[in-house]
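What follows is each chain in one-letter form.
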Amino acid sequence: MFDYTFQWKQVLARLPKMLDGAMVTMEVAVLSMLIGIVLAIVLTVMRRSGSRPLAAFATTWVEVARNTPALFQIYMAHFGIASFGIHFSPFTSLLIGITFNNAGYLAENFRGALKAIPETQTRAGRSLGMTSSQSFRFIILPQMLRIAFLPMTNQMVWAILMTSLGVTVGMNTDLYGVTQDLNALTFRTFELFAIAGVIFYIITKVITLGARLAAARLFRY
Amino acid sequence: MFDTTLSLTDVIFLAKGAGITILVTAISVVIGTVLGILFGIIRVQLGAVLAAPLTFFLDIFRSVPLLIQLVLANAFMGMVLQLQLSGFFVACMVLSLYTAAYCAEIVRGGIDAVPKTTRRAARSLGMSWGQDMRHIVLPLATRVALPSWIGLALGVMKDSALVYVVQVTELLKSTQILITRLQEPLFLLLICGAFYFIISFPLARFGGYLEKRWSND
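Here the structure is a predicted model, which is why all the values come from computation and not from measurement. (Residues numbered from 1 in each chain as written. Chains lettered and ligands numbered in written order. Predicted model: local features only at pLDDT ≥ 70, side-chain atom pairs only at ≥ 80, totals over all residues.)

K.L.:
Just give me the short version of the overall build of chain A, but keep the residues and values in it.
P.N.:
Check the secondary structure of chain A and you find 10 helices and zero strands. Along chain A, from the amino end to the carboxyl end, the secondary structure elements read α-α-α-α-α-α-α-α-α-α. With the C-alpha coordinates of chain A rotated into their principal frame, the extents come out at 75 × 50 × 30 Å. Going through the 221 residues of chain A one by one, you find that 43% of them count as buried. In chain A, the share of contacts with a sequence separation of at least 24, taken over all contacts with a separation of at least 6, comes to 73%. (Helix = DSSP H or I, 4+ residues; strand = E, 2+ residues; numbered from the N terminus. Buried ≥ 20, exposed ≤ 12 C-beta atoms within 10 Å, placed from the backbone. Contact = placed C-beta atoms within 7 Å.)

If you want it as structure tokens, here you go:
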């Protein structure tokens, strides 16, 4: 039954290549997260703005991002937008897809976080002479980011996992893409993907633990 | 844009893909939920230290990309164990465990949300552990867990788009096959996206409504 011999040595020799891939994976995830947070804040402000078209736009974004597969969103960024004559590189398509997804989920998290901040705080800010944008920026926003810190960590992990979908649009520099290419060369499917899985596991654990430590330090009061 | 070459056969092809998506999701959610409830209860009963191996095992499914889980399971079953399994079987197996990992977390959260004092009260009234679980914990935990569970089931439906990697032609893969042939990516992708959206959106709203209605305040 077990006439399969594991060849870890041969595969481990390719580890440096895979670690380079892991760096690209991190790069995509971090970029998509940073842009995603900014966009999510913009979407949150749009939904609160009281302007119907703006709120409708933001709500549509959030609902589409949350109710369709991430893979669909990446396809849309790559093949869908291409029908308008705009062709993105796999890296850009992947980044757009994940960022779109991140922004949608984060905006929903932010909305939940805002519910926990009493409306009276904005009014207190206003009566102290702050403009409404000042009271949002200096009073509401920091608290919102703080309350949404844990969901943001989860989203970061999701972003890391989602980078593996880039392979479907031809990305071959990220961890999954590199592994796929090595697999085509060596056919050690199980060993290669097992190692890729371990690298992904370590990355997500480091992020979760790092975020927990950061939270303990940032939110002492 | 609506001047399309999409024929009836193609629509049936897409519908078949949609059927596979729903079938894979349904099977995985049912098996995953049963396993998840089991794992969740075991974790709560054993406590953090004794349940550590189980926690670690389940954590893997939440920390490694689903795509890799599918490829690994397929390679393990096919190349290492030399079993001739269909891609459909492997897809359902991996997705079930994936669902179970998240479901166990939800179940644990639900059980933890039942106040300890309430359960002690039940036990001191002479209820057995099983009675306490059935009549006290189950109804109270469901209120907390059901909205998240709806979210999980929808998440699994969206993630089932990845089973193409084990040669299962679900909705998104069928769409892609048609795109290659018809060269109308935007139109076809919009149909495919609309399908996911139409199923997911009302259920997600319903989950949100339940969450609001059942929240204790």
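K.L.:
Please provide a residue-by-residue account of the confidence of the model for chain A, values included.
P.N.:
Parts of the prediction with low pLDDT should not have their coordinates interpreted in detail. Averaged over all residues, the pLDDT of chain A is 91; the fraction at 70 or higher stands at 99%. Helix H3 (residues 52-67) of chain A holds the highest mean pLDDT among the elements of chain A, 95, whereas helix H1 (residues 8-12) of chain A holds the lowest, 83. (pLDDT = per-residue confidence, 0-100.)

K.L.:
An account of the environment of Ala65(A) is requested, with residue identities and associated values reported.
P.N.:
All names here are of chain A. Following the sequence through the fold, Ala 65 ends up in helix H3. The class for Ala 65 is buried, based on 24 C-beta atoms found within 10 Å. Linking Ala 65 and Tyr 105, residues 40 residues apart in sequence, is a C-alpha distance of 7.1 Å. Dropping the residues within four chain positions of it, Ala 65 is found in contact with Gln 73, Phe 100, Asn 101, Ala 103, Gly 104 and Tyr 105.

K.L.:
Lay out the packing of helix H2 (residues 15-48) of chain A against helix H9 (residues 175-186) of chain A with the relevant residues and their values.
P.N.:
Residue and element names in this part refer to chain A. At a minimum axis separation of 7 Å, H2 and H9 run at an interaxial angle of 150 degrees. Comparing the axis directions of H2 and H9 gives the class roughly antiparallel. Contact residues: Lys 17, Met 18, Gly 21, Ala 22 and Thr 25 in H2; Leu 175, Gly 177, Val 178, Thr 179 and Leu 182 in H9. Grouping the constituent residues of the contact of H2 with H9 by class yields five nonpolar, four polar and one charged. (Axes fitted to C-alpha atoms, helices over the stretch in contact; angles between N-to-C directions. Parallel < 35°, antiparallel > 145°, perpendicular 65-115°, else oblique. Nonpolar A, V, L, I, M, F, W, Y, C, P; charged D, E, K, R; others polar.)

K.L.:
I'd like to hear about helix H7 (residues 132-147) of chain A, residue by residue, with values.
P.N.:
Residues and elements named next belong to chain A. Helix length check: H7 (16 residues) gives 21 Å between terminal C-alpha atoms against 22 Å at 1.5 Å per residue, within 8%. Ser 135, Ile 140 and Met 144 are the residues of H7 that are buried. Buried residues in H7 make contact with helix H5 (90-115) and helix H6 (119-127). (Expected span 1.5 Å × (residues − 1).)

K.L.:
I'd like a rundown of the interface of chain A and chain B, residues and numbers included.
P.N.:
Counting residues at the interface gives 30 residues for chain A, matched by 28 residues for chain B. The set of elements that each furnish at least two residues to the side of chain A that touches chain B consists of H3, helix H4 (70-82) and helix H10 (189-218) of chain A. With 10 residues, the top contributor of residues to the side of chain A that touches chain B is H10(A). Its residues assigned to classes, the side of chain A that touches chain B shows 19 nonpolar, eight polar and three charged.

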